[in-house]
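Close look at the chain arrangement
Here is what each chain is made of, one letter per residue.
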Amino acid sequence: QVQFVESGGGLVQAGGSLRLSCAASGITFSASHMGWYRQVPGNQRALAALISSSGTSNYADSVKGRFTISRDNAKNTVYLQMNSLKPEDTAIYYCNVTFGGSSVFPWGQGTQVTVSS
C-alpha cells in the first residue's frame, strides 16, 4: 500500500524558514520522481517543486530561489527547505510521485504551513 506521511509544517512569520519532510512507503522510492504540491482552500493543488530520480530539481516560478527540494533514498524521504517565506506560501503541502507533471497515487494528509505577515 502506497503511503505518504508529510511533516514539518507550522506557523512562521514572513521571512522565516521551515523544512518539510515526506516519508514514502509502498513505492520504489529511488526510481520515483517526487513532487511537493501545495493547496490553498478553494484552489487546486499545484506543483511547487520536483526532483527527479537522478536528483535534478525544478521549481515553480513562485518559489524559485527560495525553496530547495532534496531527497534521501536511504530513508525513502523527500524534503522541502523553504526560506524567505511569504504570506502567499500559506497552504497545505503534500508530496507524491510525479510523472508528466501530475501526481500518481492517492494523497497523504499533508502538512499545514501558515505564514503570518
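The shown structure was predicted, so the numbers you read here are calculated from the model rather than taken from an experiment.

1. A look at the sheet that holds strand β1 (residues 3-7)
Backbone hydrogen bonds are what pair the strands of a sheet, in a parallel or an antiparallel way. With antiparallel pairing, the four strands of this open sheet are ordered in space as β1-β3-β8-β7. Two strands close off the open sheet at either side, each with one partner strand: β1 and β7 (67-72). Taken over all neighbouring pairs, the strand axes of this sheet differ in orientation by 15° on average, direction set aside.

2. Quick notes on the state of the cysteines
Scanning all chains against the criterion turns up one disulfide. Disulfide partner of C22: C95, at an S-S distance of 1.7 Å. With a gap of 73 residues between them, C22 in strand β3 (residues 18-25) and C95 in strand β9 (residues 91-99) connect regions that are remote in the sequence. C95 carries the same exposure label as C22, and that label is buried.

3. Comments concerning unusual backbone geometry
In this model, N76 sits at a positive phi of 50°, which is unusual for a non-glycine residue. Structurally, N76 is set in the loop between β7 and β8 (77-82). A relative accessible area of 26% means that N76 is categorised as partly exposed. Phi is positive for S84, which is not a glycine, with a value near 50°. Its place among the elements puts S84 in the loop between β8 and β9. Looking at S84, the relative accessible area reads 42%, which means it is partly exposed.

4. Side note on the pairing of strand β4 (residues 34-39)
Taking burial as the measure, the six residues of β4 include five buried ones, the bulk of the element. Counting the residues in the hairpin turn of β4 and strand β5 (residues 46-51) gives six residues, including G42, whose phi is positive at 90°. When β4 meets β9, the two strands line up antiparallel, connected through six bridges. The residue of β9 that forms the bridge with W36 is C95.

The rules behind the values
- Residues numbered from 1 in each chain as written.
- Predicted model: local features only at pLDDT ≥ 70, side-chain atom pairs only at ≥ 80, totals over all residues.
- Heavy atoms only, no water.
- Pairing = 2+ DSSP bridges.
- Helix = DSSP H or I, 4+ residues; strand = E, 2+ residues; numbered from the N terminus.
- Axes fitted to C-alpha atoms, helices over the stretch in contact; angles between N-to-C directions.
- Disulfide = S-S within 2.5 Å.
- Buried < 20%, exposed > 50% of the residue type's maximum accessible area, 1.4 Å probe, protein only.

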